[in-house]
Amino acid sequence: MSGVLHNVDSRTKLVGQNRLELLLFSLNKRQAFAINVFKIQEVMRLPALTQIPDAHPVVRGVTHLRGHTLPVVDLSHAIGMGPIEDTAESTIIVTEYNRTVQAFLVAGVERIVNMNWEEILPPPNGAGRSHYLTAITKVDNKIVEIIDVEKVLAEIVPYQTDVSAGVLDDDLIGRTAASGLKVLSVDDSSVARQQIKDTITSLGIEVVTANNGLIGLQYLKSLSAEAPINSQVLMVITDAEMPTMDGYKMTTEIRSDPELKDLYVVLHTSLSGSFNEAMVKKVGCNAFLSKFQPDGLAAAVQERAKQLFG
């Protein structure tokens, strides 16, 4: 099982080239699912679990791994497909999202595939499991569904959107709101988009959203055709991983466009902080921020506002 994952250093070469690696796994015998390898720390057989009182129904228990106690989430149950039966193939995928570590129980893992983000498509509209998807793709002529893990986690522990007292300079934020400048939020997770929108609109600043980098870039180009972009947009807040065009590629495109190159871009992601700090410099983002931190998000907006109105 340890051979499933490669060394992280070998995977970083893919980022910035609009590429990713997916770990394919099953929750039942019919459908293939995936998550980005960058989110994964370890893959191992299901260990013995300790039950915890009053746990969320989709949390099967906790396990102790390398000195840490990790909740184990039944991923099938969490997306409405019913609990996974324990078998010899039952596996946990240990992941890090938004500075927390947790494990997801799956029926079994298959392999890692190297993909181009242009091959990763937004999920189809409709009800059912698509509500828990950020994207779909095809591998060996089979549909693979990429799960919105941030939504799963937010349903277990709801995210916060309120900014703490004392974080903001009310006068500065008031002048920023009065300027009419808007924030563009680009993220494939509906939960992340809503968190950003709720937090920033509470400051009186308009937020426009896009669910992938290509849509975000096209929107910015349409604005720049009407008037100088910095007279309309305060900042761009972008996720790293998105179908069609990821945040790194979008930032590279922004920096290469004479009309957009001076935009203030914040990389807003659940991926590893140290890795993203390096990527911020590589692709030319202005700052990096971990997801689901309303105080940090508000502080990032204020930092940009100081440059313009401080």
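Shown above is the structure to which this text applies.
Undergrad: A description of the overall build of the protein chain should follow, citing residues and the corresponding values.
TA: Counting its secondary structure elements, the protein chain contains 9 helices and 15 strands. A compact globule built from 310 residues should have a C-alpha radius of gyration of about 19 Å, and the protein chain, at 20 Å, falls within 12% of that. Counting only C-alpha atoms, the protein chain reaches 60 × 45 × 40 Å along its principal axes. A separation of at least 24 residues holds for 65% of the contacts in the protein chain among residues at least 6 apart in sequence.

Undergrad: Tell me what's going on with the sheet that holds strand S13 (residues 233-238), and back it up with residues and numbers.
TA: Spatially, S12-S11-S13-S14-S15 is the arrangement adopted by the 5 strands of the open sheet, whose pairing is parallel. If you trace the sheet from one side to the other, it starts and ends with strand S12 (207-210) and strand S15 (287-290), each paired once. Neighbour to neighbour, the strand axes of the sheet diverge by 25° on average, direction disregarded.

Undergrad: Got a sec to walk through the layout of surface pockets? Specific residues and values, please.
TA: Each pocket or cavity is described by its volume, and for the largest pocket that value is around 410 Å³. Lining the largest pocket are 20 residues; nearest its centre among them are Tyr 97, Asn 98, Thr 100, Leu 153 and Val 157. Breaking the lining of the largest pocket down by element, the ones donating at least two residues are strand S5 (68-74), strand S7 (100-106) and helix H3 (149-156). When residues in the lining of the largest pocket are grouped by element, the largest group, 4 residues, is from H3.

Undergrad: Residues and numbers for the nonpolar core, please.
TA: Judged by nonpolar contacts, the single largest core of 34 residues is most densely connected at Phe 25, Leu 27, Leu 75, Ile 93, Phe 104, Ile 147 and Val 152. Contacts of Ile 93, omitting those with residues within four sequence positions, involve Leu 23, Phe 25, Ile 35, Ile 40, Glu 42, Val 43, Gln 102, Ala 103, Phe 104, Val 106 and Val 109. Core analysis: the next-biggest nonpolar cluster, separate from the first, contains 23 residues, Met 242, Met 250, Leu 260 and Val 283 among them.

Undergrad: So, the sheet that holds strand S4 (residues 59-65): which residues are in play, and what are the values?
TA: Sheet architecture is open: 5 strands sit in the order S3-S6-S7-S5-S4, paired in mixed fashion. Among the strands making up the open sheet, the edge pair consists of strand S3 (40-45) and S4. The mean inter-strand angle of the sheet, taken between neighbouring strand axes irrespective of direction, is 30°. Of the strands in this sheet, S4, S5, strand S6 (91-97) and S7 are in contact with H3, which crosses S7 at around 105°.

Undergrad: Explain empty space enclosed by the protein residue by residue, including any values.
TA: Over the atoms rolls a probe the size of a water molecule, and its path tells where empty space is left. Under the counting rule described, the total for this entry stands at 2 cavities of 30 Å³ or more. Elements that contribute at least two residues to the lining of the largest cavity include exactly strand S1 (19-26), strand S2 (32-36), strand S10 (142-147) and H3. A per-element tally of the lining of the largest cavity places S2 first, with 3 residues. Class assignment of the residues belonging to the lining of the largest cavity gives a composition of 9 nonpolar, 4 polar and 7 charged.

Undergrad: How would you explain the packing of helix H6 (residues 213-224) against helix H7 (residues 247-256) if you had to name every residue and give the values?
TA: How two helices pack is summed up by the angle between their axes together with the distance between the axes. It is at 9 Å that the axes of H6 and H7 come closest, and there the two elements cross at 20°. In terms of axis orientation, H6 runs roughly parallel to H7. Read as a crossing pair, H6 and H7 show a hand that is right-handed. Packed against H6, whose contacting residues are Gly 213, Gly 216, Leu 217 and Leu 220, the element H7 presents Met 250, Glu 253 and Ile 254 at the interface. Each residue belonging to the contact of H6 with H7 can be placed in one class, and the counts come to 4 nonpolar, 2 polar and 1 charged.

Undergrad: Got a sec to walk through the pattern of salt bridges? Specific residues and values, please.
TA: One pass over the structure, following the stated rule, counts 15 salt bridges. Among the salt bridges present, the one from Arg 111 reaches Glu 110, with a minimum N-O distance of 3.2 Å. Residue class for Arg 111 comes out partly exposed when judged on its relative accessible area of 32%. Overall, the relative accessible area of 46% leaves Glu 110 in the partly exposed class. Close ionic contact of Asp 257 with Lys 221 constitutes a salt bridge, the shortest N to O distance being 2.6 Å. Within this pair, whereas Asp 257 is found in the loop between H7 and strand S14 (265-269), its partner Lys 221 is found in helix H6, the two being separated by 36 residues in sequence. The exposure class of Lys 221 is partly exposed, given its relative accessible area of 37%.

Undergrad: Can you break down the pairing of S2 residue by residue, with the values?
TA: Taking burial as the measure, the 5 residues of S2 include 5 buried ones, the bulk of the element. Burial along S2 is two-sided: the residues Ala 32, Ala 34 and Asn 36 and Phe 33 and Ile 35 are all buried. Pairing geometry for S1 and S2, over 5 bridges, is antiparallel. In the sheet register, Ser 26 faces S2, and the bridge partner there is Ala 32. Bridge analysis of S2 against S10 gives 3 bridges, and the strand direction is parallel.

Rules used in this analysis
Residues numbered from 1 in each chain as written. Predicted model: local features only at pLDDT ≥ 70, side-chain atom pairs only at ≥ 80, totals over all residues. Heavy atoms only, no water. Helix = DSSP H or I, 4+ residues; strand = E, 2+ residues; numbered from the N terminus. Rg over C-alpha atoms; globule rule 2.2 N^0.38 Å. Contact = heavy atoms within 4.5 Å. Pairing = 2+ DSSP bridges. Axes fitted to C-alpha atoms, helices over the stretch in contact; angles between N-to-C directions. 1 Å grid on protein atoms, 1.4 Å probe; cavity = no way out; pocket = protein on both sides within 12 Å on 5 of 7 lines; lining within 4 Å. Points joined across faces, edges and corners; volume = space filled by probe spheres on them. Core = buried A, V, L, I, M, F, W, Y, C linked by side-chain atoms within 4.5 Å. Buried < 20%, exposed > 50% of the residue type's maximum accessible area, 1.4 Å probe, protein only. Nonpolar A, V, L, I, M, F, W, Y, C, P; charged D, E, K, R; others polar. Parallel < 35°, antiparallel > 145°, perpendicular 65-115°, else oblique. Left-handed = near helix turned anticlockwise from the far one by under 90°. Salt bridge = Lys/Arg side-chain N within 4 Å of Asp/Glu carboxyl O.

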